[in-house]
Structures are given as structure tokens and as C-alpha cells.
Amino acid sequence: MELKLDWFNLDMKMEGKVEYVRACWYLCCLWVYMVIHHCAVLPLCVVCPVPVKEELKCFLSWCLWSCMKHVMVNERYVHVDYCGDAVDDETSAMVLCNHSSMLDYMVIACMGEDHKMKGRCNFLIWKKCVKFPDLRIAYQKFRISENWRMSSRELDREFHPAITSKRPYWTVVFPEVDSYTAFLHDKNVAFSQANHAPVYQNLLSPRYACFTQPASYLKKRGGACDLYDVTLCYWAVKDGQRICKSPTLLDVMFNRDNTQWNVDVHVKKISMKSLPRRDHGLQKWLERTWIEKDGLLKKKHKTIDTHEDHKKRFRKRN
């Protein structure tokens, strides 16, 4: 009896196991980083002077996002395409972005590293300016409502590094607060229809205070020269078919069916001086911007192609 081995299939199975082990290793490193940050860095920052504390946080953030960029982008787990207006290097700015996935933080932070931010990218999440999402944000989420507002004291405390530092900072704001899901979208549509508010097909309704407060504060204090209106559109190619879906970190890392993840980043540059001065004007401006962003996402979903050249950007994984 002759025994035949399919060496090609055997090699592909081994490649799949290697990819799985590699993904587990990356996630373990990320978990260790989080543990070190909470158990060692945060207690140390309590006793450090403010400038030293901020420099330490920026250095650790730069290390994290540089590693994430190498793993996710350079290793081609996800491909990032930029379009729209150019982004200036080493310039303080406010970044306004839709919130589709936890990968949003990685995409925006990697864009900041491309423009020499060196870890000076602050995300305003649930009343906290953080370098990356951590356990404190989970606590804040359960403690306060989605329509949160910040007091003058909280604004001074959270934006102090961006205002006082001689080095440039990015302040990233997600007005939707929560990431987009079908369940939250249905709730938003029902609420908007009941209150005669704009209905968005590809976005959640923005929480106005999450944008108007930081925008007014940074404009008055000179904490940002420009505003970058960023639109993230995630999609994938699987078996030659387009999938308009926002992936999770696990979807990308443990990709056993060779789905090719892609994100289109559209940037629109706006001068902070051109923004309305009063809160009511900022709310109307944000509403118009969100309507335009919803239309842009609708257009992108219709025009994304699945040509063979997209497949060449990704290494084959099984």
C-alpha cells in the first residue's frame, strides 16, 4: 500500500499554526504592557513631577504605537490607505473622527507617528485624556452617562499638557462616544426619528458636548492650530467578495479564513479659526459635518472594488 502525502496542504497547515502562535504572542505582549503600565508606571507617575510624568507617558505611548504599527501595518495584517488633504508634521491639532472599532485608536495613533508626534497623541474618552485605552476608561464608562460634560477644572486638568507644552500635541475626539454597532445604530435611528433629528445610515448620532467643549477650549487657549476631520471606512475581501464591516482586534489577528482587512482614511483639514465661536454654532457645524461624513461613507461603500491588486498587498494566511 503506497502512502501519499500532500506536502502543499501540510505546509499551509503549518503556516496557519505559526500565524496563530504569532498572534497569541503579540496579544500576550500587549497584555504584559498593560499590566506593567497599571502596576508600575501609574503609581510611579503619582510621585513624579508633571513634566517628567508626561515625558514618561509619551515615551511609553510611542513604544506601544510603534510596535503596533510594525505588527498591524508593516506585517500587513491590515492595509491603510490615506486620501484627502495633507497632514502637517509636528503641528498641534485636534482630530475629529468617527468611531467604528477599537482599531480606530491604532489607525489614528499610527497616522500621528507618521507625522512625528512621538507618542504625543491624546484621546479624549469619557472625560479622560489618555495615550491609549486602559482600565480607567472602563470604570469611567460605567460611572458617567454618554451625554457627559466637563467642568472648567476637568478641562484644565486634562488639557494641561497640550496647552503648556512647547512640543506639538494631537487631541483626538470621537463624538459618537461608543463604537458603531447595529444595535446602537437602530436605537439611534429610533431616537432621531422620534425627535425629528438627522438620521445617519452609517454613523451614530454625535454627542455635541464631547466636541464643543474641547473645541472651544483648545481654540481659546491655542492648544490646536488645525482640525483634521478624519473619516475611517473599514472593509474586507473574502473569497473575492467585498465585506463592509468594522473588524475587532481579534478578527484581524486570528484571521484563519484569509480575509484581507483594509481601512480607507479620508482627511479634511480645517483651520480652528474658521470654527464658530459659540456652542450653538459649533453644534450646527458638527451636525453638518456628520451629515457629510455619513454621505462620504455611503459613497465609499458603493465604490470599493475587489480587484486583484488589493490581494497583492497582503501576505497569504491560512
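Structure's up top.
Parameters at a glance
Residues numbered from 1 in each chain as written. Predicted model: local features only at pLDDT ≥ 70, side-chain atom pairs only at ≥ 80, totals over all residues. Heavy atoms only, no water. Core = buried A, V, L, I, M, F, W, Y, C linked by side-chain atoms within 4.5 Å. Buried < 20%, exposed > 50% of the residue type's maximum accessible area, 1.4 Å probe, protein only. Helix = DSSP H or I, 4+ residues; strand = E, 2+ residues; numbered from the N terminus. Phe/Tyr/Trp six-rings, centres within 6.5 Å; stacked < 30°, edge-to-face > 60°. Expected span 1.5 Å × (residues − 1). Arc of directions from axis to C-beta.

Participant: Can you lay out the nonpolar core for me, pointing to particular residues and giving the numbers?
Facilitator: In terms of nonpolar packing, the biggest core is built from 74 residues, with Met72, Phe123 and Val230 touching the most fellow members. Here this core gets eight residues from one element, more than from any other, and that element is helix H3 (residues 103-114).

Participant: Give a detailed account of the packing of aromatic side chains, specifying residues and quantitative values.
Facilitator: Working definition: an aromatic ring pair is given by the centre-to-centre distance plus the angle between the planes. All chains considered together, the criterion is met by eight aromatic pairs. Ring plane angle 75 degrees and centroid distance 5.1 Å describe the contact between Tyr105 and Phe123, whose orientation is recorded as edge-to-face. Here Tyr105 is found in helix H3, whereas its partner Phe123 is found in strand E3 (residues 121-125), with 18 residues between them in sequence. According to the relative accessible area criterion, Tyr105 is buried, its value standing at 5%. Linked through ring pairs, Trp65, Tyr105, Phe123 and Phe174 together constitute an aromatic cluster.

Participant: Pulling in residues and values, what's your account of helix H7 (residues 182-194)?
Facilitator: Over its 13 residues, H7 extends 18 Å from the first C-alpha to the last, a length consistent with the 18 Å expected when each residue adds 1.5 Å. For H7, the set of buried residues is His185, Asn188, Val189 and Ser192. Buried residues of H7, seen end-on, are gathered within an arc of 100 degrees and therefore sit on one face of the element. Of the exposed residues in H7, those oriented more than 90 degrees away from the buried face are Phe183, Asp186, Phe191 and Ala194. Phi for His196, located one or two positions after H7, is positive at around 55 degrees.

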